[in-house]
Amino acid sequence: MFDNLLKTLLGPEPKDLTPSDARLAIAALLVRVARSDNDYAATEIEKIDRILATRYDLGDAQTVSLRKRGEQLEKEAPDTVRFTRAIKDSVPYADRLSVIEALWQIALADGERDIQEDALLRLVANLLGISDVESASARKRLAAS
(Lines give C-alpha, C1' and ligand atoms only; values in the text may rest on other atoms or scores of the structure.)
Protein backbone atom coordinates (compact mmCIF):
# COMPACT_ATOMS: atom_id res chain seq x y z
CA MET A 1 0.00 0.00 0.00
CA PHE A 2 2.81 2.42 0.87
CA ASP A 3 5.61 0.83 -1.15
CA ASN A 4 6.70 3.98 -2.98
CA LEU A 5 6.62 6.11 0.14
CA LEU A 6 8.53 3.49 2.14
CA LYS A 7 11.14 3.24 -0.64
CA THR A 8 11.55 7.00 -0.44
CA LEU A 9 11.97 6.84 3.33
CA LEU A 10 14.40 3.90 3.22
CA GLY A 11 16.47 4.99 0.25
CA PRO A 12 20.12 5.94 0.68
CA GLU A 13 19.43 9.42 -0.72
CA PRO A 14 16.10 10.58 0.68
CA LYS A 15 13.93 12.31 -1.89
CA ASP A 16 11.46 15.07 -1.22
CA LEU A 17 8.00 13.79 -0.46
CA THR A 18 5.11 14.73 -2.69
CA PRO A 19 2.54 16.96 -0.95
CA SER A 20 0.17 13.99 -0.51
CA ASP A 21 2.99 11.81 0.86
CA ALA A 22 4.04 14.62 3.23
CA ARG A 23 0.42 14.86 4.44
CA LEU A 24 0.34 11.12 5.04
CA ALA A 25 3.74 11.20 6.77
CA ILE A 26 2.53 13.95 9.11
CA ALA A 27 -0.60 11.93 9.90
CA ALA A 28 1.58 8.93 10.70
CA LEU A 29 3.85 11.06 12.91
CA LEU A 30 0.81 12.28 14.85
CA VAL A 31 -0.19 8.65 15.37
CA ARG A 32 3.37 7.71 16.38
CA VAL A 33 3.34 10.33 19.15
CA ALA A 34 -0.11 9.21 20.31
CA ARG A 35 1.05 5.58 20.45
CA SER A 36 4.41 6.32 22.08
CA ASP A 37 3.03 5.89 25.61
CA ASN A 38 1.38 2.57 24.66
CA ASP A 39 -2.07 4.09 25.21
CA TYR A 40 -3.67 5.16 21.93
CA ALA A 41 -6.59 6.86 23.65
CA ALA A 42 -9.87 7.98 22.10
CA THR A 43 -9.08 11.58 23.08
CA GLU A 44 -5.86 11.39 21.06
CA ILE A 45 -7.66 9.90 18.05
CA GLU A 46 -10.27 12.66 18.19
CA LYS A 47 -7.53 15.28 18.45
CA ILE A 48 -5.68 13.78 15.47
CA ASP A 49 -8.89 13.92 13.45
CA ARG A 50 -9.48 17.58 14.39
CA ILE A 51 -5.90 18.52 13.52
CA LEU A 52 -6.00 16.76 10.16
CA ALA A 53 -9.44 18.15 9.27
CA THR A 54 -8.39 21.70 10.12
CA ARG A 55 -4.90 21.54 8.66
CA TYR A 56 -5.99 20.07 5.34
CA ASP A 57 -9.60 21.31 5.15
CA LEU A 58 -11.05 17.78 5.03
CA GLY A 59 -14.52 16.41 5.55
CA ASP A 60 -15.22 13.69 8.10
CA ALA A 61 -14.76 10.73 5.75
CA GLN A 62 -11.54 12.14 4.26
CA THR A 63 -10.19 12.86 7.73
CA VAL A 64 -10.86 9.36 9.02
CA SER A 65 -9.38 7.86 5.86
CA LEU A 66 -6.20 9.92 6.22
CA ARG A 67 -5.85 9.00 9.90
CA LYS A 68 -6.39 5.29 9.20
CA ARG A 69 -3.79 5.38 6.42
CA GLY A 70 -1.51 7.22 8.84
CA GLU A 71 -2.04 4.48 11.43
CA GLN A 72 -1.07 1.83 8.88
CA LEU A 73 1.96 3.77 7.67
CA GLU A 74 3.08 4.33 11.25
CA LYS A 75 3.14 0.56 11.78
CA GLU A 76 5.13 -0.03 8.59
CA ALA A 77 7.36 3.04 8.67
CA PRO A 78 11.05 2.93 9.42
CA ASP A 79 12.55 4.42 12.51
CA THR A 80 11.48 7.87 13.60
CA VAL A 81 14.76 9.45 12.49
CA ARG A 82 14.37 8.69 8.77
CA PHE A 83 10.67 9.30 8.87
CA THR A 84 11.01 12.74 10.44
CA ARG A 85 13.96 13.80 8.28
CA ALA A 86 11.89 13.09 5.19
CA ILE A 87 9.25 15.46 6.54
CA LYS A 88 11.92 18.09 7.31
CA ASP A 89 13.24 17.90 3.76
CA SER A 90 9.77 18.28 2.26
CA VAL A 91 7.92 20.71 4.52
CA PRO A 92 8.74 24.43 4.88
CA TYR A 93 9.98 25.65 8.28
CA ALA A 94 6.76 27.48 9.24
CA ASP A 95 4.77 24.32 8.54
CA ARG A 96 7.23 22.23 10.55
CA LEU A 97 6.70 24.55 13.50
CA SER A 98 2.95 23.98 13.19
CA VAL A 99 3.64 20.23 13.06
CA ILE A 100 5.42 20.49 16.43
CA GLU A 101 2.42 22.37 17.82
CA ALA A 102 0.12 19.64 16.52
CA LEU A 103 2.33 16.94 18.03
CA TRP A 104 2.20 18.70 21.41
CA GLN A 105 -1.59 18.84 21.11
CA ILE A 106 -1.57 15.06 20.76
CA ALA A 107 0.90 14.54 23.60
CA LEU A 108 -1.20 16.75 25.91
CA ALA A 109 -4.61 15.48 24.71
CA ASP A 110 -5.06 13.01 27.56
CA GLY A 111 -4.24 15.65 30.18
CA GLU A 112 -0.98 14.00 31.22
CA ARG A 113 2.65 14.52 30.27
CA ASP A 114 4.31 11.21 29.64
CA ILE A 115 8.07 10.72 29.69
CA GLN A 116 7.97 8.66 26.47
CA GLU A 117 5.96 11.30 24.63
CA ASP A 118 8.27 14.04 25.92
CA ALA A 119 11.36 12.14 24.76
CA LEU A 120 9.87 11.50 21.32
CA LEU A 121 8.86 15.16 20.97
CA ARG A 122 12.40 16.30 21.86
CA LEU A 123 13.83 13.98 19.21
CA VAL A 124 11.28 14.93 16.56
CA ALA A 125 11.66 18.68 17.19
CA ASN A 126 15.41 18.38 16.77
CA LEU A 127 15.06 16.32 13.59
CA LEU A 128 12.57 18.83 12.17
CA GLY A 129 15.01 21.68 12.83
CA ILE A 130 12.90 23.17 15.62
CA SER A 131 14.85 24.36 18.65
CA ASP A 132 14.13 23.12 22.16
CA VAL A 133 13.10 26.67 23.08
CA GLU A 134 10.59 26.87 20.22
CA SER A 135 9.20 23.44 21.05
CA ALA A 136 8.88 24.31 24.75
CA SER A 137 7.16 27.59 23.85
CA ALA A 138 4.66 25.70 21.70
CA ARG A 139 4.00 23.24 24.54
CA LYS A 140 3.50 26.06 27.06
CA ARG A 141 1.11 27.93 24.74
CA LEU A 142 -0.96 24.80 24.25
CA ALA A 143 -0.94 23.85 27.94
CA ALA A 144 -2.14 27.34 28.86
CA SER A 145 -5.04 27.26 26.39
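Up top is the structure.
Report on the accompanying structure. Just so it is clear, the structure is predicted and the values come from calculations on it, not from any experiment.

What follows covers the pattern of salt bridges. One pass over the structure, following the stated rule, counts six salt bridges. A salt bridge links Glu-71 to Arg-67; the nearest nitrogen and oxygen atoms lie 2.9 Å apart. Of this pair, Glu-71 and Arg-67 are both found in helix α4 (residues 60–76), four residues apart, which corresponds to roughly one turn of the helix. Overall, the relative accessible area of 8% leaves Arg-67 in the buried class. One network of salt bridges, in which partners are shared, links Arg-32, Arg-35 and Glu-74.

Here we come to the environment of Pro-19. Topologically, Pro-19 is positioned in helix α2 (residues 19–35). In this structure Pro-19 comes out as exposed when scored by relative accessible area, which is 72%. Spatially, the C-alpha atoms of Pro-19 and Val-91 are 8.6 Å apart, while their sequence positions differ by 72 residues.

Right, let's get into helix α3 (residues 42–56). For α3, with 15 residues, the first-to-last C-alpha span of 21 Å sits near the 21 Å given by 1.5 Å per residue. Glu-44, Ile-48, Asp-49, Ile-51, Leu-52 and Tyr-56 are the residues of α3 that are buried. Mapping the buried residues of α3 onto a view down its axis gives an arc of 165°, with all of them on the same face. Seen from the buried face of α3, the exposed residues on the opposite side, beyond 90 degrees, are Ala-42 and Thr-54.

Trans peptide bonds make up the majority, and among non-glycine residues the majority have a negative phi. A positive phi angle, near 60°, is found at Asn-38, a position not held by glycine. In this fold, Asn-38 is placed in the loop between α2 and α3. Looking at Asn-38, the relative accessible area reads 69%, which means it is exposed. Even without a glycine there, the phi angle at Asp-57 is positive, about 50°. Among the structural elements, Asp-57 can be located in the loop between α3 and α4.

To continue, consider the side chain of Asp-49. Its place among the elements puts Asp-49 in helix α3. Among the residues examined, Asp-49 registers a relative accessible area of 16% and is labelled buried.

Let us look at the packing of α2 against helix α5 (residues 80–90). One way to put it is that α2 packs onto α5 with a least axis distance of 10 Å and a crossing angle of 140°. Classed by the angle they form, the pair α2 and α5 counts as oblique. Our pair here, α2 against α5, has a crossing hand that is left-handed. From α2, Ala-25, Ile-26, Ala-28, Leu-29 and Arg-32 reach across to α5, where they touch Thr-80, Phe-83, Thr-84 and Ile-87. Class assignment of the residues belonging to the contact of α2 with α5 gives a composition of six nonpolar, two polar and one charged.

With respect to the secondary-structure elements, Thr-84 resides in helix α5. Accessibility expressed as a relative area gives 0% for Thr-84, which makes it buried. Beyond its immediate chain neighbours, meaning those up to four positions away, Thr-84 contacts Leu-29, Val-124, Leu-127 and Leu-128.

Criteria and thresholds
Residues numbered from 1 in each chain as written. Predicted model: local features only at pLDDT ≥ 70, side-chain atom pairs only at ≥ 80, totals over all residues. Heavy atoms only, no water. Salt bridge = Lys/Arg side-chain N within 4 Å of Asp/Glu carboxyl O. Helix = DSSP H or I, 4+ residues; strand = E, 2+ residues; numbered from the N terminus. Buried < 20%, exposed > 50% of the residue type's maximum accessible area, 1.4 Å probe, protein only. Expected span 1.5 Å × (residues − 1). Arc of directions from axis to C-beta. Axes fitted to C-alpha atoms, helices over the stretch in contact; angles between N-to-C directions. Parallel < 35°, antiparallel > 145°, perpendicular 65-115°, else oblique. Left-handed = near helix turned anticlockwise from the far one by under 90°. Contact = heavy atoms within 4.5 Å. Nonpolar A, V, L, I, M, F, W, Y, C, P; charged D, E, K, R; others polar.

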